[in-house]
Each structure stands twice: as C-alpha cells, then as structure tokens.
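Understanding the architecture of this molecule
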Amino acid sequence: MQNVDAVNSDFIEKEPKMNYLTNGFTLKSWLLTKDHKRIAIMYLITVSAFFLIGGLYAATIRLELLTPQSDLLESGTYNKVFTQHGIIMVFLFLIPVIPAILGNFLLPIMIGAKDLALPRINLLSLYIYWIGGALIMYALMQGGVDTGWTFYTPYSTTFSNTYVMATGLGIFINGFSSILTGLNFIVTVHTMRAPGMTWFRLPLFVWANYATSLVMILGTPVVAITVLLLALERIGKVGIFDPAIGGDPILFQHLFWFYSHPAVYIMILPGMGIISELISNFSRKKIFGYEFIAFSSIAIAVFGFLVWGHHMFVSGQSIYAGLVFSFLTMVVAIPSAIKMFNWSATLYKGSISYDTPMLYAIGFMGLFLVGGLTGLFLGSMGLTVHLTDTYFIVAHFHYVMVGGQVLAYLGGLHYWWSKMTGKLYSEFWGKISAMLIFVGFNLTFFPQFILGYQGMPRRYASYAEELQVLNIFSTAGASVLGLGMILPLVYLTHSLIFGKNASSNPWMLPGLEWRVPSPPPTENFESTPIVTWEAYDFSDENGLDLEEARRRHLATIV
Amino acid sequence: MAEQHNNHDEHHEHEEHIGIPGYLVVFGILVVGTIITYFVSLLDLDGMLFPGANTLVALLIAFFKMTVVVLYFMHVRWQSNLIWLSAVAGFFWMAIMFAYTMQDYLTRSTGVFGQ
Amino acid sequence: MVNVNNMATHEHDYHPPGLQHQFEDMKQQEESVALGMWAFLVQEIMFFGGLFTAYLVFRSRYPMAFAAGSNHLDAFLGGLNTLVLIVSSLTMALTVYYAQKGKRMMQVWLIILTMLFGTTFLVVKYFEYSDKYHHGLVPVTGLNKRTKAADPNAPKTEGTYVNTRSEFQWHDEKGDKIILEAREKGYLTPHEEIGYFTNGELDNNKVRDKVRIFFWIYFVMTGLHALHMIVGLGIMMWLLWTAWRGAYSADYYSPVEMSGLYWHFVDIVWIFLFPMLYLLGRHFLAGGH
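Residues numbered from 1 in each chain as written. Chains lettered and ligands numbered in written order. Predicted model: local features only at pLDDT ≥ 70, side-chain atom pairs only at ≥ 80, totals over all residues. Heavy atoms only, no water.

1. Quick notes on the overall build of chain C
Put simply, the rule reads: Where helices and strands are cited, they refer to DSSP runs of H or I of at least four residues and of E of at least two residues respectively, numbered from the N terminus. Each residue gets one of three labels from its accessible area relative to the maximum for its type: buried under 20%, exposed over 50%, partly exposed in between, using a 1.4 Å probe on protein chains only. Every residue pair with non-hydrogen atoms within 4.5 Å of one another is taken to be in contact. The Shrake-Rupley method, run with a 1.4 Å probe sphere, supplies the accessible areas, and residue values consider only the shown protein chains as cover.
In terms of helices and strands, chain C carries nine helices and two strands. Each helix (α) and strand (β) of chain C, taken in turn from the N terminus, gives the series α-α-α-α-α-α-β-β-α-α-α. The buried share among the 289 residues of chain C stands at 59%. Long-range contacts, defined as pairs at least 24 residues apart, comprise 74% of the intrachain contacts of chain C with a sequence gap of at least 6. Here chain C displays about 12,000 Å² of accessible surface, and carbon together with sulfur accounts for 61% of that area.

2. Observations regarding the domain arrangement of chain B
All names here are of chain B. How we decide: For each domain, the first and last residues come from an automatic or database assignment. Buried area is a sum: the accessible area each of two parts loses on coming together, probed at 1.4 Å, counted once for each and added. What qualifies as a polar contact is a pair of N or O atoms within 3.5 Å, subject to a donor-acceptor requirement within protein and to the restriction that residues adjacent in sequence count only when both atoms come from side chains.
When its domains are assigned, chain B resolves into domain 1 (1-79) and domain 2 (81-115). Between domain 1 and domain 2, the contact holds five residues from the first and four residues from the second. Taking both sides of the interface into account, the surface hidden between domain 1 and domain 2 amounts to around 460 Å²; carbon and sulfur atoms contribute 82%. Together, Met66, Val76 and Gln79 form the three largest contributors to the area buried by domain 1 at its contact with domain 2, with a combined 73%. At the boundary of domain 1 and domain 2, one finds one residue pair in polar contact (both at pLDDT 80 or more).

3. Concerning the interface of chain B and chain C
Put simply, the rule is: One speaks of a salt bridge when a side-chain nitrogen belonging to Lys or Arg is within 4 Å of a carboxyl oxygen belonging to Asp or Glu. Just so you know the grouping, Ala, Val, Leu, Ile, Met, Phe, Trp, Tyr, Cys and Pro go in nonpolar, Asp, Glu, Lys and Arg go in charged, and all remaining residues, Gly too, go in polar.
Counting from both sides, the interface comprises 54 residues of chain B and, opposite them, 56 residues of chain C. Viewed at the interface, chain C and chain B are joined by zero salt bridges. The interface formed by chain B and chain C includes three residue pairs in polar contact (both at pLDDT 80 or more). Secondary structure elements with two or more residues in the side of chain B that touches chain C: helix H1 (2-6), helix H2 (19-42), helix H4 (53-73) and helix H5 (81-105) of chain B. Of the residues forming the side of chain B that touches chain C, the biggest block, 13 residues, is contributed by H5(B). Tallied by class, the residues present in the side of chain B that touches chain C amount to 30 nonpolar, 18 polar and six charged.

4. Remarks on the pattern of salt bridges
Inspection of every chain in the model, using the stated rule, returns 12 salt bridges over all chains. For C:Asp209, the salt bridge is made with C:Arg208, and the minimal N-O distance between the two is 3.5 Å. C:Asp209 gets classed as buried once you look at its relative accessible area, which sits at 9%. The partly exposed category is assigned to C:Arg208, whose relative accessible area is 24%. Linking C:Arg212 and C:Asp209 is a salt bridge whose minimum nitrogen-to-oxygen distance equals 3.4 Å. Of this pair, C:Arg212 and C:Asp209 both sit in helix H7 (residues 204-244), three residues apart, which is roughly one turn of that helix. The buried category is assigned to C:Arg212, whose relative accessible area is 12%. Put simply, A:Asp248, B:Asp104, B:Arg108 and C:Arg61 are held in one network by salt bridges that share partners.

5. Points about the packing of H5(B) against helix H1 (residues 26-61) of chain C
So the rule is basically this: Lines fitted to the C-alpha atoms define the axes, with helices restricted to the stretch that makes contact. Angles between their N-to-C directions range from 0 to 180 degrees. The scheme is simple: roughly parallel for angles under 35 degrees, roughly antiparallel for over 145, roughly perpendicular for 65 to 115, oblique for anything else. Left-handed is the label given to a crossing in which the near helix is rotated counterclockwise from the far helix by less than a right angle, and right-handed is the label when the rotation is clockwise.
The contact between H5(B) and H1(C) brings their axes to 9 Å, and the two run at 20 degrees. The angle between H5(B) and H1(C) falls in the class roughly parallel. Seen from above, H5(B) lies across H1(C) with right-handed handedness. Looking at the contact of H5(B) with H1(C) residue by residue, the class counts come to 19 nonpolar, seven polar and one charged.

6. Thoughts on unusual backbone geometry
Residues and elements named next belong to chain A. In the segment running from threonine 153 into proline 154, the intervening peptide bond is cis, with an omega of -5 degrees. Its location among the elements puts proline 154 in the loop between helix H5 (119-142) and helix H6 (155-159). Each neighbour pair has its own omega, and for serine 518 with proline 519 the value is -15 degrees, a cis peptide bond. Here proline 519 shows up in the loop between helix H17 (468-498) and helix H18 (546-557).

7. Comments concerning the packing of aromatic side chains
To be explicit about the condition: To pair, rings of Phe, Tyr and Trp, with the six-membered ring standing in for Trp, must have centres within 6.5 Å; the planes then decide the type, stacked if under 30 degrees apart, edge-to-face if over 60, and tilted in the middle.
The tally for this structure, following the rule as stated, stands at 70 aromatic pairs over all chains. Geometrically, the ring pair formed by A:Phe377 and A:Phe392 is stacked, given 5.7 Å between the ring centres and 20 degrees between the ring planes. Remark: A:Phe392 occurs in helix H15 (residues 391-421) and A:Phe377 occurs in helix H13 (residues 356-379); sequence separation between them is 15 residues. On the basis of relative accessible area, A:Phe392 is assigned to the buried category, the value being 5%. Ring plane angle 90 degrees and centroid distance 5.0 Å describe the contact between C:Phe121 and C:Trp270, whose orientation is recorded as edge-to-face. Taken as a pair, C:Phe121 in helix H4 (residues 104-134) and C:Trp270 in helix H8 (residues 254-278) lie far apart in primary sequence, 149 residues in all.

8. Describing the nonpolar core
The nonpolar side chains of a soluble globular protein tend to be buried with one another. Here is the rule we go by: Take the buried residues of types Ala, Val, Leu, Ile, Met, Phe, Trp, Tyr and Cys, join any two whose side-chain atoms come within 4.5 Å, and each joined set is a nonpolar core.
Within the largest apolar cluster, 299 residues are counted, with the highest numbers of intra-cluster contacts made by A:Leu102, A:Trp343, A:Tyr409, A:Trp416, B:Met74 and C:Phe215. When residues in this core are grouped by element, the largest group, 23 residues, is from helix H4 (residues 75-111) of chain A. Mapped onto the domain boundaries, this core takes at least three residues apiece from domain 1 (1-79) and domain 2 (81-115) of chain B. Once you skip the residues sitting within four places of it in the chain, A:Trp416 turns out to touch A:Leu102, A:Leu106, A:Met110, A:Phe205, A:Ile274, A:Glu277, A:Glu513 and A:Trp514.

9. Looking at the packing of helix H2 (residues 63-70) of chain C against H7(C)
All names here are of chain C. Following both chains from N to C, one finds H2 and H7 inclined at 60 degrees, their axes separated by 8 Å at the closest point. Between H2 and H7, the crossing angle belongs to the class labelled oblique. Considering the relative orientation of H2 and H7, their crossing is right-handed. Where H2 approaches H7, its residues Ala65, Phe66, Gly69 and Ser70 are matched on the opposing element by Lys210, Val211, Phe214, Phe215 and Ile217. Among the residues forming the contact of H2 with H7, the class breakdown is six nonpolar, two polar and one charged.

10. Observations concerning the environment of A:Phe446
All names here are of chain A. With respect to the helices and strands, phenylalanine 446 occurs in helix H16 (residues 427-453). C-alpha of phenylalanine 446 to C-alpha of alanine 395: the two residues are 51 residues apart in sequence and 6.8 Å apart in space. Apart from residues lying up to four places away in sequence, phenylalanine 446 is in contact with Tyr399 and Phe441.

11. Focus on the side chain of A:Asp35
All names here are of chain A. Tracing the chain through its elements places aspartate 35 in the loop between helix H2 (27-31) and helix H3 (36-64). By relative accessible area, aspartate 35 is classed as buried at 6%. At 3.0 Å, the side chain of aspartate 35 and the backbone nitrogen of lysine 37 are in polar contact. Excluding residues within four positions of it along the chain, aspartate 35 makes contact with Tyr20, Asp115 and Thr522.

Given below as structure tokens:
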C-alpha cells in the first residue's frame with residue numbers, strides 16, 4: 001500500500017475540506033447525528049466491544065476444554081459461559097456486524113445517495129441496539145443465563161433459574177434494531193438510487209445487504225414474539241411449551257428456528273456480498289455472472305425460510321416434515337454453490353493482487369467451502385442422527401460464521417478502512433494477521449470435526465480422556481486465532497494516529513465509493529452523481545488510470 | 001430513481017380515490033360483513049356441510065373484509081406494484097410459516113413414514 | 001477527486017415544507033416513507049404471525065377445549081368492538097381524505113372522533129378483561145379475583161366459585177357436554193382423547209389445562225392488539241397536535257396517511273381476532289344441543 005500512496009499522492013488534497021469526521025467534535029454532534037457514517041462508526045465501536053467480550057468467553061471455553069475434567073469451570077458455570085458466548089456473538093456481533101457497520105457506511109455512498117432514506121430511524125436502531133445490548137450485559141453481570149443461546153423449552157421456561165427474562169428482553173429489544181436497519185436498507189435501495197444507478201449496476205454488496213434486509217424484516221419479528229412468549233410463559237406458567245399439561249415444546253423450536261435459521265443467512269449473506277466485491281476488485285476483472293450472484297442472494301434469502309426444520313431432525317417432528325426440510329436444505333445449497341463457482345470463475349485469468357482484503361477473501365472461499373459442504377452432512381436426515389449435538393456441528397457453524405462472516409467482515413474492514421477513516425493501515429501487519437487468523441482458525445476448528453465424528457458432545461465441560469490430544473490442538477489453535485484477532489485492533493488503531501493519509505482511491509477501483517474523498521464529506525457527494533458505468537467496470541472510460549494500477553500490481557509481485 | 005422521475009406529473013391525480021360516498025360504501029360492506037359473521041357463527045355449518053365449515057366461512061368473511069380495508073382504506077388499489085408486492089409478501093410469508101409448521105403437526109402419528 | 005465531470009447539477013432554491021435533506025424532491029420522500037411504512041407493516045404481520053401459528057397449532061390439537069373456552073367470551077362485546085373499530089377506520093380514512101384537501105378543522109374533528117372510538121374499544125376491552133378477572137378466567141395464577149372460602153360446603157353457582165388462591169377456574173357443564181358429544185360422534189383428535197380423559201372418564205383438571213391454553217392465547221393476542229391500540233392513540237395525539245397547528249396540506253400530508261395505514265392495520269388484526277377467538281363454539285350454544 002505504500003507504493004500506492006506514492007503513485008497516488010497527487011490526489012491527496014493539501015488542505016482537506018470538511019469531512020464527516022471533522023464536522024462537529026462535541027459528544028452531542030455524535031450522539032444526535034443523523035449521518036449514516038457517524039452511526040456506522042458508533043456501531044463499529046460497540047460491536048467491536050461486544051466481539052471482544054464474546055471472544056473472551058470463547059477463550060474461557062477453550063481453556064476449560066484443555067483438560068478432560070471440568071477443572072477450570074464447574075459444569076454450571078461452563079453452561080453459562082458457552083451460552084453467553086453464543087448470545088453475544090450471535091445477537092450482538094454476527095447479526096449487526098456487516099449490515100450495521102459496513103452496510104450503514106457504504107450502502108448510501110455505493111448507490112449515490114446523501115444518506116439512508118430514513119436517517120432518524122437509523123439513529124433509533126442504534127439506540128435500540130444499545131439498550132438491548134445493555135440489558136443483555138446487565139443479565140450477564142447479574143449472574144448470566146445457562147440455557148444455550150437457543151433457549152430450548154421446557155428447560156428455559158420451567159427449570160432454569162438464571163436470568164432468562166432479562167436476556168430474552170434484551171434479545172427482543174435488540175431484534176427491533178435489526179428490523180429497523182433492514183427496513184431502512186430496503187427503502188433506500190428502492191428509492192434513493194442516483195440517476196443511472198439501475199438495479200443491475202448496483203454493487204453486489206448492495207444486493208447482498210438487500211437480501212439480508214428481507215430476511216431481517218420477515219424473520220426477526222417472529223423471534224421477537226417467540227422470546228416474548230417464552231418470557232410470558234416464565235411468568236404465567238400456563239404450560240404452552242410444557243408437554244406435561246398439553247403444551248408443546250416443539251412449537252417453541254418451530255417459532256424459534258423460523259427466525260433463527262434465516263438468521264444464519266443474515267450472518268453470511270452480507271459477508272458473501274463483501275467477498276463478491278473483493279474477488280472482483282482485487283482480480284481487476286468484471287465479476288463473472290453478475291446476475292447469477294445477485295439473484296442467488298435473493299434465492300438464499302427466500303429458500304432460507306423453508307429449511308428451518310433441519311435443526312429439529314431429532315427433536316420429535318414428524319419424519320415427513322424431516323424429509324421435506326432435508327430436501328429443501330439440499331436445494332438451498334445450490335445458490336451458495338453458484339456464488340462459489342462464479343467467484344472462482346472471476347479469479348480465472350484475473351490480474352490478482354494479494355493485498356490484505358484479498359487474503360481474507362481467499363481464506364473465506366476455502367473456509368466457507370468446508371463449512372457449506374459439512375452443512376450438507378448435517379442436512380441429510382440419516383447422517384445427522386449420528387452428528388447432532390456433537391462438536392461436528394460446532395465446527396460446521398464456526399466454519400460458516402467465523403470462517404465466513406468474520407473473515408469477510410475483516411476483509412471488508414481493511415478494504416474500506418481508508419475510506420472510513422482516511423488513513424492507511426500497515427499492509428505488512430495486515431497480511432501477517434490475515435494469515436495468522438487463517439491458520440489459527442483451521443487449527444482450532446478442524447480437529448472439532450474429528451472430535452464430533454468420534455462422538456464428543458457439545459455443551460459439556462468434561463469429555464472422555466482419549467479425546468484430549470485433538471482438544472489440545474484446538475485450544476492451541478484458538479490462541480493463534482486470538483492473536484490474529486488482536487493484531488488488527490492494534491495496527492488499525494495505530495493507523496488512526498500514525499497512519500498516512502489515504503487518497504480518495506488508494507486501490508484504484510471504479511466503484512462509486514472510491515469517487516468521493518476519504519473520508520467522505522457529510523453529504524457524501526457535492527452534487528448527485530449520474531452513473532454511466534456498469535458495476536466492476538475496469539475499462540478505460542471510467543476515469544481510472546489503469547496503467548498505474550498495473551504498475552502497482554507489478555510492484556506487489558516484486 | 002431514474003425511472004421514478006418520469007411520471008412526476010401524475011402524482012396529484014389520484015388523490016380523490018373513491019371520495020366520501022365510496023368510503024361510506026366500504027364502511028357499509030364492513031358492517032354488514034361483521035353482522036353476517038356473527039349470525040353465521042350461530043348456525044351449525046359443521047353439521048350441515050362438513051366439519052370446519054364454520055371456521056372456513058368466518059375466515060373467508062374476515063379475509064374479504066381485510067381485502068376491502070387494504071384496497072380502499074389503505075389505498076393499495078392506487079399504489080405502485082412495489083406496495084402491492086409488500087402487502088402480499090407479508091401474508092405470503094405468514095402462510096409459509098403456517099404451512100411448514102403444520103406439515104409437521106399434521107403428519108405426526110399418522111402411521112405414514114414409519115411413525 | 002476522480003471523475004467530478006459527470007456529476008449533475010441541480011438547484012436548491014425552493015425547499016418545500018417537510019422535505020428532508022436527503023431527498024431530491026417530495027415525490028421521492030413520499031415513496032420512501034410509504035415503502036418504509038409498508039415494510040414496517042410486513043414485520044407487524046410476521047410479529048402477529050407467530051401468535052397466529054401458536055393459535056393454529058393448539059386449536060388443531062384441542063378444538064373442543066377452544067370452543068368451550070370461546071363460549072365464555074362475550075361475543076356481543078367482541079362484535080361491538082369490531083364495529084367500533086370499523087367506524088374508527090372510517091373516520092381515519094376520512095381524516096386522510098380531508099388532509100389531502102387541506103381542510104384543517106375537519107382533520108382535527110375526525111382525529112378526535114377516531115381517538116374517541118379507539119378509546120371506546122379499550123374501555124370495552126377493560127370490561128371484558130375485568131369480567132374474566134371476576135370469573136377466574138385469567139390463565140395466570142394470582143391475577144384472578146380472590147374469594148374467601150366462607151363455607152366450603154356451600155353450593156357452587158356459576159361465576160362465584162371459591163377461589164382462595166386466585167387460580168384459573170374451570171367448571172363448565174355445557175363445555176363438558178360439547179366434548180362428550182364430540183366424542184360420541186368420533187370427532188375428537190388423538191390429542192383430545194388423551195388430553196381430556198382419564199381412564200375413559202372426563203377429567204376436569206385435564207380439560208381445564210387445555211382451556212387455560214385458549215385463554216392464554218386470547219389474553220396474549222388481544223393484549224398485544226390492545227397495546228398496538230394504545231400506541232396508535234399516542235400517534236393520534238401527535239397527529240392531532242400537528243394537524244391543529246395546520247402542518248398538513250395538499251402538498252404534504254404523508255404523516256396523516258402513514259398513521260392511517262397503521263390504524264387500519266390494527267383494525268385488520270382485530271377483524272381476524274374476532275371470529276378466531278369469539279365465535280368458535282357459538283353454534284353449540286345456539287343450536288340447543
């Protein structure tokens with residue numbers, strides 16, 4: 001990136017104009033802002049804090065599992081630790097991370113708008129997120145909750161005497177934050193596109209966020225009402241989830257997974273959007289099969305609603321329902337595969353530069369492939385009986401969630417860091433940490449596939465002694481992974497103070513976000529842009545100096 | 001946005017919608033629907049026609065009333081395709097939730113598929 | 001900056017009232033707000049959808065208990081409330097109509113009328129709830145009227161059962177009759193066969209648990225609906241204030257229209273709740289079985 005800086009220095013203005021960061025320095029100018037970029041930055045800070053807390057829980061879990069006995073934590077504490085790891089990571093990190101941070105920041109700029117369509121709603125969703133998060137943190141400090149992040153009944157309604165209500169209320173409130181974000185994105189994409197920005201000129205990141213928003217609007221209210229029913233059941237003890245007096249615990253699972261399965265697509269679709277951006281831009285090639293990737297996002301969002309029963313194969317739902325859900329699970333794998341093929345085809349004969357974001361993108365492709373394919377193991381009704389509730393499942397969804405969403409998020413964060421902050425980060429340390437994360441991740445979670453297949457159940461503090469070797473591998477990997485995650489925190493923060501100023505387009509790319517200054521002014525554009533180019537258009541006409549880009553590419557190779 | 005600017009002129013054309021007489025007619029339909037629902041529920045349609053007939057009729061009337069409210073009171077009849085789509089999408093998704101939940105409940109302990 | 005050359009220029013001379021900075025013109029703003037409102041209504045549909053699913057599951061399991069429970073709701077008051085809501089929907093639609101015309105006082109009066117009917121609905125609802133409280137039909141222990149057991153041997157008459165522990169009470173001969181008749185005709189679902197009877201005898205405790213599920217769903221559904229009514233009344237208060245100040249004209253009335261959409265949506269929910277909760281077992285009573 002230093003090379004880029006040298007080549008590109010003409011574009012850095014000597015006296016930068018007012019940008020969104022310098023437009024007001026008071027606390028009030030941040031807390032009452034309607035600027036989507038400032039809201040995104042506030043999300044960035046909060047979500048990162050929650051990620052850190054969730055990560056500490058993960059570290060505790062891995063430490064406990066170093067030895068077969070439950071010696072570091074007793075079983076009850078261990079239950080609370082993995083529950084809170086799950087709740088914080090799913091509801092406070094994975095779901096908001098890309099839409100609320102990168103989506104919020106970039107979606108309006110990418111479509112040529114001054115702001116999201118409903119800026120006040122956007123600020124409201126941030127506050128709701130804070131309130132929900134605070135409530136969950138409160139429950140956690142009061143003593144936590146031990147039901148698992150899925151809150152399965154009747155344990156959560158009848159037996160658990162931990163802080164289920166407060167946590168549930170936090171999730172209920174938090175849900176409305178993601179509903180409002182989704183609502184805002186849908187409206188913005190429909191009505192705020194700049195002249196000439198047709199649907200098929202939208203960057204694929206916008207498509208992915210649009211599909212995510214559909215899921216958020218259609219799914220999240222269901223989990224809200226489910227958690228509400230759970231809370232009311234704890235108060236009322238009417239027994240609608242209690243089989244002893246005529247209720248049905250499986251109804252809870254149906255309602256819960258109606259949201260929570262589509263929610264795993266909330267946790268991967270935006271990541272896929274970022275990967276589409278990265279693969280195309282760092283291959284300097286128009287993405288292969290734009291329409292297929294765009295529509296596969298929508299297809300995943302829609303079909304994602306029809307497969308929730310594959311979480312319930314062994315829970316007592318009918319065999320017929322299991323067959324249908326199993327079949328549809330195979331169907332939903334198709335659009336994901338379409339994406340993988342198109343990304344690979346885009347790489348073919350591309351002019352690939354291995355910058356930090358691209359390292360993350362390539363890592364994503366490998367890890368998501370493993371995560372996705374093991375999902376098919378679990379989606380097939382026969383095999384799942386052997387694998388349900390083992391570490392195989394834990395490894396599978398970590399490959400998709402961490403290997404997918406977190407890697408994509410980190411890739412996107414590095415990719416747009418110069419745009420968001422106006423500073424260049426250290427490319428050297430960026431690459432080091434990307435590789436540490438990849439290696440550490442595989443070392444952590446690949447052994448868990450084997451552990452699960454050998455029958456190590458999830459959610460237990462102790463395990464059979466012959467499984468210890470693989471668990472030690474896993475814990476060792478976790479420490480590498482942890483180091484890889486801490487590094488960005490250090491060098492990205494460092495870049496804020498000591499980093500070089502970024503030009504408006506340090507990567508030499510054609511997207512609309514690279515045509516505004518870094519960091520962008522409050523209104524994004526001086527006047528509404530008119531879009532005359534296709535997405536990922538690496539031709540000469542879009543005003544980019546591709547000669548320089550090639551030189552830079554050669555410089556990276558040397 | 002590009003395509004939306006074209007029809008800028010027709011914006012203020014549809015404001016009248018159906019006017020006061022139209023609203024009163026819709027109101028009348030809703031009142032009559034409510035009264036019919038009540039009295040039909042007193043008849044034993046389950047016995048006269050088939051089990052579940054009472055529920056079916058009540059729901060059909062409710063569905064009809066809803067359609068009238070959505071089309072006229074909520075002005076969807078004059079709205080863009082997008083609004084139509086979102087109005088239908090909500091009910092479609094709820095139907096998905098019903099259908100895929102009930103496909104479990106209705107096929108339990110039926111003796112088919114080994115259970 | 002790269003590519004400044006193809007930026008459009010446009011004037012900022014005239015700024016219509018109510019136009020927010022992020023929009024180019026009123027039309028864009030109205031479309032955005034309308035789509036946003038509809039997207040919100042979609043999420044509301046799904047929000048209630050979860051409850052409707054629960055209703056569907058339990059009603060398909062215990063239809064007779066639901067019918068018996070439903071007969072203890074006041075269908076007259078429920079129907080009255082339906083009409084009240086329909087009238088309020090009419091006044092709301094007319095409010096939008098006069099807002100489009102820019103007639104200030106008509107809007108104000110119609111909003112007041114709408115609020116009045118909305119409040120009437122809630123008052124009727126209060127009487128229904130309090131009736132359930134007095135008859136021990138609230139499914140949550142502790143929320144029913146406590147009655148001292150003066151004379152444990154005194155005959156029990158309908159509606160005045162001894163209820164020292166404030167529990168859900170269920171003693172209903174008509175309901176039992178419905179269930180037994182359905183059993184004779186072979187209408188009972190497999191869950192009902194197990195769920196109502198012990199050793200072939202009707203077990204009142206078992207039936208009570210199933211009826212309690214009905215009342216639970218009744219209270220949650222109507223309670224959430226009432227909550228939406230209260231929120232709606234809050235919106236109406238704000239609308240009344242702004243309309244009174246003359247904020248709306250033929251050029252700018254979308255807040256009125258959007259509040260109207262919300263109000264009509266709440267009406268639609270009730271249109272479904274009324275037959276689903278109140279009218280389940282009416283024909284068993286009216287048919288003189």
